[in-house]
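Analysis of the macromolecular model
Residue strings, one per chain:
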Amino acid sequence: MADIVYPSTCRPLTEDLGTDELIRRLKTLADELQKMDQDDNLYQQYVPLALHLLDDFFMQHPSRDVQLLIACCIADVLRVYAPEAPYKEQDQIKTIFKFFIKQLHGLKDPRDPSFKRYFYLLENLAFVKSFNMCFELEDCQEIFQELFSTVFKIINDQHSVKVKNFFLDVLSPLITDADSLSIELLDLILINIVEPNKSNNKYAHELTEQLLVKTGDAFESTIKLFFNRSLVMDKPNTKLAITSKIYDIIYELNQINGDLLVSVLPQLENKLLSTDVTERLRATTTLARMFSEKDSQLSKKYQPLLRTFLGRFCDITESVRVKCVQSSMHFLLNHPHLQSEIIEKLRVRHHDVDEMVRHETVMAIVGTARRNFDIVVNSPELLEIVRERTMDKKYKIRRDAMNGLGFIYKRAICEPNDLSDEVKQGVDWIKNKIMHGYYKVSLEDKLMVERLLITHLVPYKLPPDERMKKLYHLLGDLDTNATKAFVELQKNQMKTRHTVSDWIKLHHSKEFTPRVLSQLIAKQATIAKLLPDPLKCSEYLTQFSNHLRKDAQLLRYINIVLKRDVSCRECADTMSALLKKLGAHVMTNLYYNTVKMLIERIASVMVDKESIGVLIGLIEQCIQGGSICQEIGIPPKEAGERGLNLLSMLSYVFSAHFITDTSLRHLIALLSYDEEYVAPLVLKTLTHLGRYQPLIDDGNPAILEELAPICKDFAIVGTDKQAKHAVRCIFVNSQSSSTASADGNGNGSASTTTQNVHPIFHEIIETLRVKLTPDCENQRTMIVTLGHIALNMPQAFLTPIKNMIARRIVKELLIQEVPADRDCELPDGEWCEEDQLPIDTLCKLDGLKTMARWLLGLRNDEHAAQKTFRMLAAFVTQRGDLLAQNRLCPAEKSWLRVGAACAMLKICEQKGVGDQYSAEQFLQLSQLMEDPVLEVREIFARKLHKGLGRSLPRHCLPLDFMGYYALVGLEPNKKLQDQVRHYIEADVNKRREYLKTVAMTIPDSSSEAQHILPDFMVVFAIPVLVSNPSFTNYEDYVQLRKMEKCLRFILEPLMAKRESFDYSFYKQLLQLIKHREYGQSNERDGTDNNHKMWALCDLAMHIIDAKVGQCDDNSSAFSIPMALPELYYKQPPGSFTNNKIYLPLDVYTLGANTKSSSKTSASTTTAAAHAAAAGSKRAAELSLMDDDGENSQENNLFDNIRAADTTEPLAKRTRGGAAAAAKS
């Protein structure tokens, strides 16, 4: 101790000192050492003191202050004696720097009273680069790792920039001055730049970033070595934490200092082509982020790697393709120079077999549009991809594609922007595409279109004037199919509102009796079918019903939403208030979501009284041809008519919003315009309003009196369309609501008397009586007027109308000879447009319609109906030339016969007069299904479908006419055949749905079912086929093949849904027909017709067997009495049993290809071979016999079935066994 020299102001440091005294002396020593400057020889006398400070007593002293002061003193010693420190032994150096590292922990809390001394220690170490002494140690890496670890642990948000910079100054030399870095130290450093360390200690992450930037060159060799071992040699060091995060390390290093990866990134090309899916996926994910990020230059620096990466868009693994597609949004946003290549890749991937890839393709494009609208809106290729995905088979993809298109349309068309007219025109097709989505079968698609209409196409939050302009633009430029979809959408929503309104009215009942509850349940079941997943929705509707009964305010809210004249704002606000009472709006709240779907369907937030007034004003400006047409975006020539069509449609659905004095007078004022299209559409609009609230009930009769003279002029001297709508308008608006409800019927006519007919009609009838003469001016207009008055007011003018029909229509028009020399231009060909027909032919067509309307108005005049049917049938049988003069051109004949046929169909819709046709006329009318002119067949089929689908069950065509569909099996035009197939499927489904509804409300409905059940159409199809001219020989193979096509055409839709098909019903029905005779046979052809009819029964049974297999003879699920119509079938005399098979045995392979033919033949042969084992069931099914146990005889019938031979007609094989069995 005597050899130790202390500075003059310091006192000796001994072990016997107390802690406080020791601290005082150390502070004095530390202050003196701080004052010393570096000098090579000046302070050599203090070397023993420096060594004395390393004594274990001081360095392991229990006092933190003692240890801190010792560390500061030693640090100053290193500073003063640098570069030759007095500590030479490696153990001493190692001990010193471990001691320093331990003291650095004191820097963790800047609020510590001793923090300044800790800071001084750090500053000293950083300034002198003291830790560089450790390079002389063999295990220096251990000390460095401990130092780095300590610094990363203690750095925090309370440290100042100076502290962080000193940390950086301490660590940086250890990297830059080292010959090489250990992999372990690299692991310790790089782990801070990836998760979870990156988030858990962001200040260590920041320090590491600064370190990598400052010392990047020194890291390069070690990093290269690490990645070579992991990526190229595929020998990763599993002991390192960064090995499992190698791709994250690559990404973060590229973010921090991309130069570190110059030799690493090219190595990833092998990983992109790896056979290991996981490796490919990880490499693809990393490079996708790196290449696609903003300001990334990698795509230009590493083009071969980019080419390989883009190749992964076609990877065999869907997860890799998904990652590539997900990155495409960022490529489109951040790298315009790659846009064409990315779009090309997306064009391929949107047809991917994996639905996730297709979905991500859509989401990438839509996401791009949301972030940078211009990229997508100026790229037709991207829009086309989304457009095609709206037809995807997966609803999720269709939904997001439609929502994406809706967003683009809203941004481009409905929101203020600086897009050019060309760009806007380029996205205007979106509205058509969205509306086409309403044709989808799925109810989810329909609901989505309904939602998009009010949120994107015509945003309900817009002010009324802007909203009406957008609605006008939407409807003014929709294509035909989209317009039909819009109309259907509004009608469906209206029906839903009515249904829900009826349901809500039941909740106002004072007592919920069993009857009321039963009605509630029935209505609830109907509403559930209007929502997706009816079973679940029914449960939530029950919950909502209970909620409504308990909460009067909730019931008040729903009543406001359902109000016919509710304003858009009030409806939207009430919806929000209603939904708030249903709980939180989260995906798991299915009750909330179900009610929300229902409320969205019934809410009226598109138009109200204010907006209707705005719309009428806009339409008038468009009729005048103002600049508003350009603003709305519709050609001036079409704007007025399209606007009035929109108004007419809205008046049907939202009638209550039109009932204001201002709107009604504005509509009547529009009638003053000379354009031909104006009056019919305005009058049609007023007619719709009259059905809701007649003008006579409006309390302001002046409006009706102002309208009546205008309508009279249209009825006498207007066009045919003006006349039709003028009569309807005045009639409907002159019937008070009480009269209409008492006397009206479903088809719009009423049994009125002279006391409640508007006086204007007396004037019109008198004018018609005087002026309606052959070749008079406005003849066609007056004929149309007469027909509509006869339809709506038959009893009021019974005698005058009857006289005019008999004289002016029948005698002087329809049966009048055609002049040999006609002063008019006749159309060429077998068909033409209606307006190309001569005026006399147009008058005849309207005369046919007038007769039909007259009968519909009379309802029960059977004698007049029979005479009319005879005349109309004559037009059909004479091919349109009633008098067979051959002076009409082919196109006129085509129009006249289809006009007569459609008139017959129209009459048949009315019960009473519609039942007066004979079987012969019914069969003659079926010839129109095989008319040589395609357009005739199209029109007749369309009218047939329309008549069958009209309001069931009273005002539609009888089930008999569904039998006509069988003849379409012979239709040569594939397009028409497919269209009629859709017709028959729609008719079948509609009738079955109706019967299900009736069964729920009327328990005993079996008597009515026989006249509605579509399965009975087979009963009427068979007589139609028997009478068909192409079926003359039931033994002729070629003819039977045609008949099979016909029967298959109607049977396949009936058998499509197995749950609605009953095998035993058809078997019993066809057996019943086989035990009847054909009703229209005479002595000459009676036997042939019977055989043809019975052969058709066997053929139908064969088709059913081949389609669904032979089933057990259960009792019919339909539980419907089977009574064949006497019009087509008659009871044979005496006791009659028919057990024969009237088909040649070879016919069992009719219409089959090689594969199915062999299969059918084999199955039939096999069945025959096993007949003994099958018991008597087979005999009943194939030979249509009663089960009588004649298995051996039945087995002989089918032993020698040969392949069908089309070279000559097949001879009928008599079923001897069956006949013998029948005789016995």
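Residues numbered from 1 in each chain as written. Predicted model: local features only at pLDDT ≥ 70, side-chain atom pairs only at ≥ 80, totals over all residues. Heavy atoms only, no water.

With that settled, consider the overall build of the protein. Counting its secondary structure elements, the protein contains 60 helices and two strands. For the protein, the share of sequence-separated contacts (at least 6 apart) that also reach a separation of at least 24 residues comes to 74%. Carbon and sulfur atoms form 49% of the exposed surface of the protein, whose accessible area is close to 54,100 Å². (Helix = DSSP H or I, 4+ residues; strand = E, 2+ residues; numbered from the N terminus. Contact = heavy atoms within 4.5 Å. Areas by Shrake-Rupley, 256 points an atom, 1.4 Å probe, with all protein chains shown as cover.)

On the secondary structure map, R549 appears in helix α30 (residues 534-550). Each C-alpha atom of the pair R549 and H508 lies 8.3 Å from the other, and the pair is 41 residues apart in sequence. A polar side-chain atom of R549 sits 3.1 Å from a polar atom in the side chain of N546. (Polar contact = N/O pair within 3.5 Å; in protein donor to acceptor, adjacent residues only side chain to side chain.)

Turning our attention to helix α33 (residues 590-602). Given a rise of 1.5 Å per residue, 13 residues ought to cover 18 Å, and the 19 Å separating the end C-alpha atoms of α33 matches this to within 8%. Counting buried positions along α33 yields 10 of 13 residues, so the element is predominantly enclosed. Buried residues of α33: Y591, Y592, N593, T594, V595, L598, I599, E600, R601 and I602, and no others. Each element contacted by the buried residues of α33 is listed here: α26 (443-457), α28 (480-506), α29 (514-528), α30, α31 (552-562) and α32 (568-580). (Expected span 1.5 Å × (residues − 1). Buried < 20%, exposed > 50% of the residue type's maximum accessible area, 1.4 Å probe, protein only.)

A full pass over the atoms with the stated rule returns 28 aromatic pairs. Here the aromatic rings of F922 and Y964 are separated by 4.9 Å at their centres, their planes lie at 35 degrees, and the arrangement is tilted. Here F922 is found in helix α48 (residues 919-925), whereas its partner Y964 is found in the loop between α49 (934-949) and α50 (974-1001), with 42 residues between them in sequence. Since its relative accessible area comes to 1%, F922 is described here as buried. Each ring, one from F1065 and one from Y1066, has its centre 5.5 Å from the other, and the planes form 90 degrees; the classification is edge-to-face. For Y1066, a relative accessible area of 1% translates into the label buried. Within the aromatic cluster, the residues linked to one another by ring pairs are F869, Y917, F922, F940, F961, Y964, F1020 and Y1128. (Phe/Tyr/Trp six-rings, centres within 6.5 Å; stacked < 30°, edge-to-face > 60°.)

Let us look at helix α19 (residues 339-349). When we look at burial in α19, the residues that qualify are I342, I343, L346 and R349. On an axial view of α19, the arc spanned by its buried residues comes to 120 degrees, and they lie on one face. Buried residues along α19 sit against α17 (303-311), α18 (318-334), α20 (355-371) and α22 (380-389). (Arc of directions from axis to C-beta.)

What follows deals with a positive patch on the surface. The grouping of K484, K491, K495, K684, K849, R942, K943, K946 and K990 at the surface amounts to a positive patch. Among the elements of the structure, α28 and α49 are those that each provide at least two residues to the positive patch. Looking at the element boundaries, K495 is found in helix α28. (Patch = residues over 30% accessible without salt bridge, like charges linked within 9 Å, V, L, I, M, F, W, Y side chains within 5 Å. Salt bridge = Lys/Arg side-chain N within 4 Å of Asp/Glu carboxyl O. Lys, Arg positive; Asp, Glu negative; His and termini not counted. Charge placed at Lys NZ, Arg CZ, Asp CG, Glu CD.)

Take the environment of I659 next. With respect to the secondary-structure elements, I659 resides in the loop between α36 (636-653) and α37 (661-670). Relative accessible area serves as the criterion here: at 17%, I659 is assigned to the buried category.

Take the layout of surface pockets next. Volume-wise, the second largest pocket comes out at about 840 Å³. Lining the second largest pocket are 23 residues, and of these Y395, R451, M587, N593 and M597 sit closest to its centre. (1 Å grid on protein atoms, 1.4 Å probe; cavity = no way out; pocket = protein on both sides within 12 Å on 5 of 7 lines; lining within 4 Å. Points joined across faces, edges and corners; volume = space filled by probe spheres on them.)

Within the fold, N257 resides in helix α13 (residues 246-257). Each residue touching N257, except ones within four places of it in the same chain, is listed here: L212, V213 and G216.

This next bit is on the pattern of salt bridges. Summed over all chains, the structure comprises 58 salt bridges. R307 is the salt-bridge partner of E341, the closest N and O atoms lying 2.2 Å from each other. Of this pair, E341 sits in helix α19 while R307 sits in helix α17, and the two are 34 residues apart along the sequence. D978 is the partner of K974 in a salt bridge, and the nearest nitrogen-oxygen pair spans 3.0 Å.

With omega at 5 degrees, the peptide bond leading from E195 into P196 counts as cis. Mapping P196 onto the fold places it in the loop between α9 (183-190) and α10 (197-200). Phi at K129 takes a positive value of approximately 60 degrees, unusual for a residue other than glycine. Given the relative accessible area of 43%, K129 is considered partly exposed. The backbone phi angle of A884 is positive, close to 55 degrees, even though this residue is not glycine. Along the polypeptide, A884 turns up in the loop between α46 (862-877) and α47 (890-908).

This next bit is on the packing of helix α8 (residues 161-176) against helix α11 (residues 202-214). Direction vectors running N to C along α8 and α11 enclose 45 degrees, while the axes themselves pass 10 Å from each other. It follows from the interaxial angle that α8 and α11 lie oblique. The element α8 and its partner α11 pack so that their crossing is right-handed. Contacts between α8 and α11 pair K164, F167, L168, D169, L171, S172 and I175 from the former with Y203, E206, L207, Q210, L211 and K214 from the latter. (Axes fitted to C-alpha atoms, helices over the stretch in contact; angles between N-to-C directions. Parallel < 35°, antiparallel > 145°, perpendicular 65-115°, else oblique. Left-handed = near helix turned anticlockwise from the far one by under 90°.)

Position of L287 among the secondary structure elements: in helix α15 (residues 277-292). Since its relative accessible area comes to 0%, L287 is described here as buried. Spatially, the C-alpha atoms of L287 and S327 are 9.6 Å apart, while their sequence positions differ by 40 residues. Leave out the neighbours within four places in its chain, and L287 touches L268, L272, S292, L305 and F309.

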